[in-house]
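# Close look at the chain arrangement
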Amino acid sequence: MSTPRKSPKRPAVRTASAPADRAADRSADDEIWPRVTRELADDLAVDALARDRAGKAPFDEVARLQEAGLPALLTAPGPSRRGADWRAACAVVREISAADSSVGELLAHHYALSWSSRFFGPAHEAHAARAASATEHRDPAAETDGARGPGAAHRRPLALDVCTAEERWLLAGDVEPPRATTGPGLVLTPAEGNGGGWILDGRRAFASGVTVADRLVVGARPGGTGDLLVVLVDPAHPGVFTDAGTDRVGQRLAGAGTVTFDHVPVPPEHVLGVLPHDEHAVAPFTTLAPLALRLLLTQVGLGIAEGALAEARDISRADQAGPSPAGGAGGPAAGGGTAPAGSGDDPYLLLAYGELATAAHAAAAVVERATDAFARGLHAEWSLTPEERADLSVLVAAAETVTGRAAVHITTRILELVDGTAGADSRGGGPGFDRFWRNARALTAPTRADHRLRDIGDHYLNGTHARLTLLA
């Protein structure tokens, strides 16, 4: 049964977190964040299997993220905050996912949504209004304010990434409208009274974070048609009801669920931005929003593959070493300098690990190239051209395809390699390798590799650009 999002466990997330000044004082230089991430990943890896088996809402996991200060990492620098760039955010998601991919997915959605006001905010609205006025002789200022609804004049939208850091929010939701829906989806109607704003109604499913989020970022249409408005909603409002996703094959701790919005008020300043229905009025920079999420989820998939491979390597090393020699466990015998018999000299095992390691290296190379190119695209901001956006879309699609196939292949093959190996069975305290396979399948199932490959081929052969819409 649906229940309002007023869980008694919510305050525990804040009390378990580090003090606000501790998170704000964290340096964002390249030496600090990797160490903070590594420490958290090691902590998550210790009980990852137990938490996966329990399948509870990830309140404890969110508390660990907040204590490490990671939700505030991708934030614009300011007097009381030090932000990091997208490369650092991608590296964080990748390493956290190697330990626990459900937590990595939580963080991936949070990072992508935290830039909603940048992708869809006033700069984009001005661009869209200018494009519309150039063809239809409309007033750009009226277009920008009118999209926010009555009472919007002189009210600036929130800078979401800044609010996320200062208020210590975890974001969840999805701006992208569902591809297949039987109804109008989330609908906005003008609010009555002098305050202006909108009333949000509707129901939709979300892949991550809605059971534990501090704020929801969703896309909805006035009257169910026309331009898409990106709005911020407090899930603790009495009109918000959340059904947690149950019996998931994988990514069990990602906080997936279905949310019902029943007459939820949205003030004008909580309208983060507008996505015009006319794709010709959409700036290329705005259409990087779905690519940002896809690239971050690709980092999750790569983390799954690398985490599974590292766990399997440790098990195989321990199994191959056999009884500890006099010189130490797994090391050269005292005075002899020779390794114990059977320590990783099985040619078939070496061949298998060589194949899997090569697949992981290849996926990492493609992902890193896409990450670097995407960071440059974000730096270009509103000067990004359609041609540059098309190239970025191809690189992200290639990374997504290669990594998805590698993750499923590696996690499937590892199940065969460790079958019957001492220490691999989760019932005996092993890492439970089935969770890597389940998580990889759950993460990659919604993505159609053939569609991505077709788009890549069309761009390579014919120079065709992907459509500049939110549904990238």
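Treat the numbers as computed from the prediction; the structure is a model and nothing was measured.

## Regarding the overall build of the protein
The secondary structure content of the protein amounts to 16 helices and 9 strands. Taking all 472 residues of the protein together, 51% fall into the buried category. A fraction of 80% describes how many contacts in the protein between residues 6 or more apart in sequence connect residues 24 or more apart. Of the roughly 21300 Å² of accessible surface on the protein, 55% is carried by carbon and sulfur atoms.

## Points about the pairing of strand β4 (residues 198-206)
Strand direction decides the pairing type here: strand β3 (residues 187-190) and β4, joined by 4 bridges, are antiparallel. Opposite T189, over in β4, you have I199 as the bridge partner. Sheet analysis places β4 next to strand β8 (residues 257-266), joined by 8 bridges and oriented antiparallel. Within β8, the position partnered with F206 by the bridge is G257.

## Topic: the pattern of salt bridges
Using the criterion set out here, one finds 26 salt bridges in the structure. The residue R53 makes a salt bridge to D434 at a minimum N-O spacing of 3.2 Å. Of this pair, R53 sits in helix α4 (residues 48-54) while D434 sits in helix α15 (residues 434-444), and the two are 381 residues apart along the sequence. Residue R53 is classed as partly exposed on the basis of its relative accessible area of 40%. A relative accessible area of 27% places D434 in the partly exposed class. We note a salt bridge from R215 to D234, for which the minimum N-O separation is 3.5 Å. Note that R215 is positioned in strand β5 (residues 215-222) and D234 in the loop between β6 (228-233) and β7 (240-244), a separation of 19 residues in sequence. Salt bridges linked by common partners bring D43, D47, R51, D60, E61, R64 and D100 together as one network.

## So, the confidence of the model for the protein
When the pLDDT values of the protein are averaged, the result is 80; 74% of them are 70 or greater. In the model, residues 133-144 has pLDDT below 50 throughout and makes 11 contacts with residues more than four positions away in sequence or in other chains.

## Structural notes on helix α13 (residues 347-380)
The end-to-end C-alpha distance of α13, which contains 34 residues, comes to 50 Å, matching closely the 50 Å that a straight helix rising 1.5 Å per residue would cover. A side-chain oxygen of the first residue of α13 lies 3.0 Å from the backbone nitrogen of Y348; this N-cap is D346. Just downstream of α13 lies E381, where phi reads positive at about 50 degrees.

## Topic: the environment of A283
Within the element layout of this structure, A283 appears in the loop between β9 (271-275) and α12 (288-321). Assessed through its relative accessible area of 3%, A283 is described here as buried. Between the C-alpha atoms of A283 and F120, which are 163 residues apart in sequence, the distance is 9.5 Å.

## Examining the packing of aromatic side chains
If you walk through the whole model with that rule in mind, you get 7 aromatic pairs. Judged by centre distance (6.1 Å) and plane angle (40 degrees), the rings of F433 and F436 are tilted. Each member of the pair, F433 as well as F436, is classed as buried. Among the aromatic side chains, those forming a connected cluster through ring pairs are W86, W115, F119, F120, F285, F374 and W382. When the ring centre of W115 is taken as reference, the NZ or CZ atom of R118 above it lies at 4.2 Å. R435 extends its terminal NZ or CZ atom over the ring of F436, reaching a point 4.3 Å from the ring centre.

## Description of the nonpolar core
Ranked by internal contacts, the top residues of the largest apolar core, which has 83 residues, are L70, L73, Y111, F119, L288 and I414. A total of 15 residues in this core trace back to one element, the largest contributor, which is α12. Sequence-distant contacts of L288, defined by excluding residues within four places in its chain, comprise F119, F374, G377, L378, L384, R389 and L392. Within the second largest apolar cluster, 21 residues are counted, among which are W198, F206, A220 and V264.

Basis of the calculations
Residues numbered from 1 in each chain as written. Predicted model: local features only at pLDDT ≥ 70, side-chain atom pairs only at ≥ 80, totals over all residues. Heavy atoms only, no water. Helix = DSSP H or I, 4+ residues; strand = E, 2+ residues; numbered from the N terminus. Buried < 20%, exposed > 50% of the residue type's maximum accessible area, 1.4 Å probe, protein only. Contact = heavy atoms within 4.5 Å. Areas by Shrake-Rupley, 256 points an atom, 1.4 Å probe, with all protein chains shown as cover. Pairing = 2+ DSSP bridges. Salt bridge = Lys/Arg side-chain N within 4 Å of Asp/Glu carboxyl O. pLDDT = per-residue confidence, 0-100. Expected span 1.5 Å × (residues − 1). Polar contact = N/O pair within 3.5 Å; in protein donor to acceptor, adjacent residues only side chain to side chain. Phe/Tyr/Trp six-rings, centres within 6.5 Å; stacked < 30°, edge-to-face > 60°. Lys NZ or Arg CZ within 6 Å of the ring centre and 35° of its normal. Core = buried A, V, L, I, M, F, W, Y, C linked by side-chain atoms within 4.5 Å.

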